[in-house]
Structures are given as structure tokens and as C-alpha cells.
Amino acid sequence: MPRGRYSLHDTHDHTPLGEEHFHCAPGPSGWRYVSQVTGPAGDHRGSVDLALDDLGRPIRLELHAAGWQVRGAALDGVTWVRTDATGRDAAEGTVRAHGFTGTSPAFLVATARLLRLTPSASATRVRLVAFTDPVLAPRTVDQSWALVNSETHATDNAPLTVDEYRVTALDTGEQYAVHLAGDVVLSAPGIELEDLDSPPSVLPRRPTDPDSPH
């Protein structure tokens, strides 16, 4: 069960935004990620609890930030409820999308797990609902993902495979690289892995499911 710490920073001017202290693990029916988010001064900023099924679909999502809460899951696409701190201001949403995304590194692992790509020059399109900071406002985004390189490195414990993905935002054409090792993000825009107390868990690639976003 990897435990560690990511540093988060602004993707434009690299201003520190805080840290995300996480642990994650595969289980008999999927994968779960839990984290606490702190600000640059160490103050509590929010939390993430994401569980995926064996096909990479979100079976439970719970986010907290800035007095807002989101609970969501895969149901007729993806469905969520967003509430304020009092619980009185609640709004439901449903979108024909494949999963969720946001600032947490968990969502990059989740999307890679959902797509189960093999190294190829071709890209796969995916529609996601993004919950944007600081108030977890929902926004539908379209991306394309391609697994452009996969290299295995020798370590003191066991061989470590690092996958490099090319992600494109289809509304702007912006491209960026995401480097994953199992269920841990090594680097991505605005994300750096600072500490890791045990090796990443291996999330095996599986044959493409007929309902996957290919």
C-alpha cells in the first residue's frame, strides 16, 4: 500500500499550492485512493476519496474543498451531488462521460486505469467531468490520451515500469506529459512526487472492454 506526498504548484508560474498526503492500494474489486490536502502553510484544504472498480470506473468519489463537498459515481455516465457546508445548497448533475478528473493526482491514475492503453502512436478520446478549484465547480472536458513510451528500470526491490502518456486538451490543443509508475504519479503538470514509503502497486493492463472509451 503506497503512502507518500505530492507537492502541488501552479502550472503557469510554479507558485506552490500545497501538498497532498496520500495512500492507495488495489483490492479484490478495484483500486482506492485516499488523501488529505494541505495549503502552503500546512493548513487543511480538503480531502479526496476515490474508489474504482476492476474496469477503472468510479464507483465512489468524495471530495471536500473550501466548504464544498462532492459525492459521485458512475451511473448512466457519471452522476454527482455537490453541496455547500450547510448541506442545504445541493445541486445534482449527470453527464454522459467516462469518469471524473480534477487537480488530485488520483484522477490521472484513474484515467490511465480506465483506458488501459498499450504503447502506440494513436490516441484515445475520453470525456471527463472536472471539479475545478477552489469550489469544486463541475465542468465537462474532452481529452485524448496516448501511451507513447513504457520503460522498465531496475531497482533495489523489483523492476519498475514507467509509462509516459501524452495528454491533449481537445478544447485548446494544449499537450502535456504524464509519467506514471503503477498507481503513483511520478510527474505531471503542477504535480511532483516528493516522498514514497513503498513501491507503487502494479495495475495490470487488461484487454479492451467493449464499453471502454476507445
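Predicted model only: the values in this text are computed from it and were never measured.

Analysis parameters
- Residues numbered from 1 in each chain as written.
- Predicted model: local features only at pLDDT ≥ 70, side-chain atom pairs only at ≥ 80, totals over all residues.
- Heavy atoms only, no water.
- Helix = DSSP H or I, 4+ residues; strand = E, 2+ residues; numbered from the N terminus.
- Rg over C-alpha atoms; globule rule 2.2 N^0.38 Å.
- Buried < 20%, exposed > 50% of the residue type's maximum accessible area, 1.4 Å probe, protein only.
- Contact = heavy atoms within 4.5 Å.
- Polar contact = N/O pair within 3.5 Å; in protein donor to acceptor, adjacent residues only side chain to side chain.
- Core = buried A, V, L, I, M, F, W, Y, C linked by side-chain atoms within 4.5 Å.
- Pairing = 2+ DSSP bridges.
- pLDDT = per-residue confidence, 0-100.

1. Observations regarding the overall build of the protein chain
So, step 1. In terms of helices and strands, the protein chain carries one helix and 15 strands.
So, step 2. Taking 214 residues into account, the globule formula puts the C-alpha radius of gyration at 17 Å, and the protein chain, at 17 Å, falls close to it.
So, step 3. By principal-axis analysis of the C-alpha atoms, the protein chain measures approximately 50 × 40 × 40 Å.
So, step 4. Expressed as a percentage of its 214 residues, the buried residues of the protein chain come to 45%.
So, step 5. Here the analysis covers contacts within the protein chain between residues at least 6 apart in sequence; of these, 40% occur between residues at least 24 apart.

2. Things to note about the environment of R3
So, step 1. Looking at the element boundaries, R3 is found in strand β1 (residues 3-9).
So, step 2. Counting along the chain gives 128 residues from R3 to F131, while the straight-line C-alpha distance between them is 24 Å.
So, step 3. For R3, the contacting residues outside a window of four places in its chain are F22, H23, D195, L196, D197 and S198.

3. Section: the side chain of T168
So, step 1. Among the secondary structure elements, T168 is positioned in strand β12 (residues 160-169).
So, step 2. A polar side-chain atom of T168 sits 3.3 Å from a polar atom in the side chain of Q175.
So, step 3. Not counting chain neighbours up to four residues away, the residues in contact with T168 comprise D142, Q143, S144, G173, E174 and Q175.

4. What about the nonpolar core?
Considering soluble globular proteins, one finds that nonpolar side chains tend to be buried as a cluster.
So, step 1. Core analysis: the biggest nonpolar cluster contains 47 residues, and F131, W145 and Y165 have the highest contact counts within it.
So, step 2. In terms of residue count, helix α1 (residues 106-115) provides more of this core than any other element does, eight residues in total.
So, step 3. Contacts of W145, omitting those with residues within four sequence positions, involve L108, T111, A112, L115, L117, S122, A123, T124, V126, Y165, R166 and V167.

5. Some thoughts on the side chain of T111
So, step 1. Inspection of the secondary structure assignment puts T111 in helix α1.
So, step 2. Beyond its immediate chain neighbours, meaning those up to four positions away, T111 contacts F100, V126, L128 and W145.

6. Overview of the pairing of strand β6 (residues 68-74)
So, step 1. For strand β5 (residues 58-65) and β6, the ladder comprises five bridges, and the chain directions are antiparallel. Bridging across to β6, A65 finds its partner in W68.
So, step 2. Adjacent in sequence and paired antiparallel, β5 and β6 are bridged by two residues, among which A66 carries a positive phi angle near 50°.

7. With respect to the confidence of the model for the protein chain
So, step 1. Across the protein chain, the average pLDDT comes to 92, with 95% of residues at or above 70.
So, step 2. Of all helices and strands in the protein chain, the one with the weakest mean pLDDT is strand β2 (residues 16-27) (94), whereas strand β9 (residues 99-101) scores best (98).
So, step 3. Contacts for the low-pLDDT stretch residues 207-211, under 50 throughout, to residues beyond four places or in other chains number five contacts.

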